[in-house]
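# Summary of structural features
Each chain is listed here by its residues.
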Amino acid sequence: MTRATGGIGPDDQLQVVAGSKDGATFAAKADWINLPVGYNLMDHLNTDLILTHPDVVFYDFYEAWTTPIQTDEDAYLKSRTGILTQSAPNIGPMVHNFSEYDCQGTR
């Protein structure tokens, strides 16, 4: 259960969820806890990139959870290196682009 479906958050946002298609599975209003959850969060753009190249291959992290490739397992267990050191491998590579904005500085 997430905070929003569990009824924890700002009342105005809980009202939005309660009135949505998910309202039937939402916490009862009497159980809501009005807290400023998420007010310091900033929106982050997420863009999926599709790359094709003869050397780009799929790495099955789901299979690696139970039966990793032996050399990858050895690299991680012996020296904490290699592909298994990623904190969130399911999101793939990250691309960052920094732009200058006159009114707000670097983003």
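See the structure printed just above.
Throughout what follows, the structure given in this document is the object of discussion. Note that the structure is a prediction, hence the values are computed from the model and not measured. (Residues numbered from 1 in each chain as written. Predicted model: local features only at pLDDT ≥ 70, side-chain atom pairs only at ≥ 80, totals over all residues. Heavy atoms only, no water.)

The next point concerns the overall build of the protein. Counting its secondary structure elements, the protein contains 4 helices and 4 strands. Seen in sequence order, the protein has helices and strands lined up from the N terminus as α-β-α-β-α-α-β-β. Expressed as a percentage of the 107 residues in the protein, the buried residues total 10%. Counted over contacts in the protein with a minimum sequence separation of 6, partners at least 24 positions apart contribute 36%. Accessible area for the protein stands at about 9,700 Å²; split by element, carbon and sulfur atoms hold 56% of it. (Helix = DSSP H or I, 4+ residues; strand = E, 2+ residues; numbered from the N terminus. Buried < 20%, exposed > 50% of the residue type's maximum accessible area, 1.4 Å probe, protein only. Contact = heavy atoms within 4.5 Å. Areas by Shrake-Rupley, 256 points an atom, 1.4 Å probe, with all protein chains shown as cover.)

Its identity is not glycine, yet Arg-80 carries a phi of approximately 50 degrees, on the positive side. Residue placement: Arg-80 occurs in the loop between α4 (70-79) and β3 (100-101).

This brings us to a nonpolar patch on the surface. There is a patch of nonpolar side chains on the surface, built from Ile-8, Ile-33, Leu-35 and Val-37 and spanning about 280 Å² of accessible area. Under the relative-accessibility criterion, Leu-35 is labelled partly exposed at 40%. (Patch = residues over 30% accessible without salt bridge, like charges linked within 9 Å, V, L, I, M, F, W, Y side chains within 5 Å. Salt bridge = Lys/Arg side-chain N within 4 Å of Asp/Glu carboxyl O.)

The next point concerns the packing of aromatic side chains. Per the stated rule, a full pass over the model turns up 2 aromatic pairs. Measuring from ring centre to ring centre gives 5.5 Å for Phe-26 and Trp-32, while their planes differ by 65 degrees; the resulting arrangement is edge-to-face. Taking the relative accessible area as the measure of exposure, Phe-26 reaches 11% and is therefore buried. Take Trp-32: its relative accessible area is 13%, and that puts it in the buried class. Taking the centre distance of 4.7 Å and the plane angle of 55 degrees together, the rings of Tyr-59 and Phe-61 count as tilted. On the accessibility criterion, Tyr-59 (19% relative accessible area) is buried. (Phe/Tyr/Trp six-rings, centres within 6.5 Å; stacked < 30°, edge-to-face > 60°.)

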